[in-house]
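What follows is each chain in one-letter form.
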Amino acid sequence: GIQVEQSPPDLILQEGANSTLRCNFSDSVNNLQWFHQNPWGQLINLFYIPSGTKQNGRLSATTVATERYSLLYISSSQTTDSGVYFCAAMTYTGGFKTIFGAGTRLFVKA
Amino acid sequence: GAGVSQTPSNKVTEKGKYVELRCDPISGHTALYWYRQSLGQGPEFLIYFQGTGAADDSGLPNDRFFAVRPEGSVSTLKIQRTERGDSAVYLCASSLGEPANYGYTFGSGTRLTVV
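On a predicted model such as this, the values are computed, not experimentally measured, just so you know.

Conventions used here
- Once a new chain begins, its residue numbering starts again from 1 and follows that chain's sequence as written.
- By the order in which they are written, chains take letters starting at A while ligands take numbers starting at 1.
- Under the rules for a predicted model, residues below a pLDDT of 70 receive no local features and side-chain atom pairs below 80 are neither given nor counted, while totals for whole chains, interfaces and linings still include all residues.
- No hydrogens and no water enter the side-chain calculation; it runs on all heavy atoms of the structure.
- For two strands to count as paired, DSSP must find a minimum of two bridges between them.
- Under the DSSP-based scheme used, a helix requires at least four consecutive residues in state H or I and a strand at least two consecutive residues in state E, with every element numbered from the N terminus.
- Axis definition: a line fit to C-alpha positions, over the contact stretch in the case of helices; interaxial angles, taken between N-to-C directions, run 0 to 180 degrees.
- For the exposure calls, accessible area comes from a 1.4 Å probe over protein chains only, and a residue counts as buried if that area is under 20% of its type's maximum, exposed if over 50%, partly exposed in between.
- Both cavities and pockets are sets of points on a 1 Å grid over the protein atoms alone; in a cavity a 1.4 Å probe fits but cannot get out, in a pocket the set is open with protein on both sides within 12 Å along at least five of seven lines, and lining residues sit with an atom within 4 Å of a point.
- Grid points are joined across faces, edges and corners, and a volume is the space filled by probe spheres set on the points.
- Residues count as neighbours in contact if any of their non-hydrogen atoms are within 4.5 Å of one another.
- The salt bridge definition used is simple: a Lys or Arg side-chain nitrogen within 4 Å of an Asp or Glu carboxyl oxygen.
- Throughout this description, a polar contact denotes any pair of N or O atoms lying within 3.5 Å of each other; where both atoms belong to protein, one of them has to be capable of donating a hydrogen while the other can accept it, and for residues adjacent in sequence the pair is counted only when both atoms sit in side chains.
- Note on residue classes: Ala, Val, Leu, Ile, Met, Phe, Trp, Tyr, Cys and Pro are nonpolar, Asp, Glu, Lys and Arg are charged, and everything else, Gly too, is polar.
- Pairing of aromatic rings covers Phe, Tyr and the six-membered ring of Trp, with a centre-to-centre limit of 6.5 Å; geometry is then stacked below 30 degrees between planes, edge-to-face above 60, and tilted otherwise.

Asker: Just to check I follow, could you spell out the sheet that holds strand β1 (residues 5-7) of chain B for this structure?
Answerer: By way of backbone hydrogen bonds, the strands of a sheet pair with one another, either parallel or antiparallel. All names here are of chain B. One open sheet holds the 4 strands; their spatial order is β1-β3-β8-β7, and the pairing between them is antiparallel. Each edge of the open sheet is held by one strand with a lone partner, namely β1 and β7 (65-68). The mean inter-strand angle of the sheet, taken between neighbouring strand axes irrespective of direction, is 15 degrees. Where β1 meets strand β3 (residues 19-24), 3 bridges bridge the pair, whose relative direction is antiparallel. Bridging from a neighbouring strand, threonine 7 pairs with arginine 22 of β3.

Here it is as structure tokens:
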């Protein structure tokens, strides 16, 4: 089945810094999503981005489907950005499968 | 409702007991998903409903797990003869339609602890 790898596994930033999180996937996908899981466990959908680039405030994401990767950019990080960032890839090959990566754990220091 | 609602938020049960976890999706969302998340890991797919039918239940770990969505809205995940390894956060999500075309909205989860 499809494999989803995220890097880096852990990231510590000083407030105000920028960062790039990466998600590699092993097969073509029909759907690619980025989620933020806050310290209370709530998963928030950040982007639905099977291809192209989207921006939402300080966050933006780019998926290059032909090269099987997606990037999440966080600019001017804030302490409230702390938590775990997951990408999830879905493929219909052999049935519906959505696979989450292991996540990037981000801590933003004040 | 405004969001995906899951009840209870926490459940502690004894090994061997039966439990039911409830998910109330966003009104009008035809697709509903159950995931399980263990500590330090990403969510693991269990089952996907489109309307009343299970479109894909290949993620259910064994026949102790079963889920229903009889009227195409509320869903119940049922676990028989619970084991300590079933302890996890059970997450429900819904989306407006086919998973290839829409993003998911997750509930806050039910933390299940089997003692």
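Asker: Any chance you could explain the sheet that holds strand β8 (residues 69-74) of chain A here in plain terms?
Answerer: All names here are of chain A. Reading across the sheet, the 5 strands line up as β1-β3-β8-β7-β6 and stay open at both edges, with antiparallel pairing between neighbours. The open sheet has two free edges, formed respectively by β1 (4-7) and β6 (52-56), since each of these has just one partner strand. Averaged over all pairs of adjacent strands, the angle between strand axes in this sheet comes to 15 degrees, irrespective of strand direction. Taken together, the 5 bridges between β6 and strand β7 (residues 59-64) define a ladder with antiparallel strand orientation. Bridge assignment links lysine 54 to a residue of β7, and that residue is alanine 61.

Asker: How should unusual backbone geometry be read in this particular structure?
Answerer: Negative phi characterises most residues that are not glycine, and trans characterises most peptide bonds. Of note, the amide linkage connecting Ser7(A) to Pro8(A) takes the cis form, showing an omega dihedral of -10 degrees. When you line up the elements, Pro8(A) lands in the loop between β1 and β2 (10-14). With phi around 45 degrees, Ser76(A) is a residue other than glycine that occupies positive phi space. For Ser76(A), a relative accessible area of 39% translates into the label partly exposed. Positive phi, close to 45 degrees, is recorded for Arg81(B), a residue that is not glycine.

Asker: It is not clear to me how the layout of surface pockets should be interpreted in this structure. Could you clarify?
Answerer: Estimates place the volume of the largest pocket at around 560 Å³. Surrounding the largest pocket, 28 residues form its lining, Gln37(A), Gly41(A), Gln37(B), Val89(B) and Arg111(B) being those nearest its centre. For the lining of the largest pocket, the secondary structure elements donating two or more residues are β9 (83-91) and β11 (104-109) of chain A together with β9 (88-95) and β11 (110-114) of chain B. Here the element with the most residues in the lining of the largest pocket is β11(B); it accounts for 4 residues.

Asker: Can you walk me through the interface of chain A and chain B in this structure?
Answerer: Interface size is commonly expressed as the accessible area that is lost once the parts come together. Chain A puts 19 residues into the contact, and the matching count from chain B is 22 residues. Between chain A and chain B we count 0 salt bridges in total. If you look at where chain A meets chain B, you find 8 residue pairs in polar contact (both at pLDDT 80 or more). Listed by contribution, the elements that provide at least two residues to the side of chain A that touches chain B are β4 (31-37), β5 (43-48), β9 and β10 (97-100) of chain A. Looking at the side of chain A that touches chain B, the element that brings in the most residues is β4(A), giving 4 residues. Grouping the constituent residues of the side of chain A that touches chain B by class yields 8 nonpolar, 9 polar and 2 charged.

Asker: Looking at this model, I keep getting lost on the packing of aromatic side chains. Mind explaining?
Answerer: The description of an aromatic ring pair uses the distance of the two centres, along with the angle that the planes make with each other. Tallying each qualifying case throughout the model produces 12 aromatic pairs over all chains. Judged by centre distance (6.2 Å) and plane angle (70 degrees), the rings of Phe100(A) and Phe106(B) are edge-to-face. With Phe100(A) in strand β10 and Phe106(B) in strand β10 (residues 105-106), this residue pair bridges two chains. Neither residue differs from the other here; Phe100(A) and Phe106(B) are each classed as buried. An aromatic cluster is defined as three or more aromatic residues linked by ring pairs; in this entry it consists of Phe35(A), Phe86(A), Phe100(A), Tyr33(B), Tyr35(B), Phe45(B), Tyr48(B), Tyr104(B) and Phe106(B).

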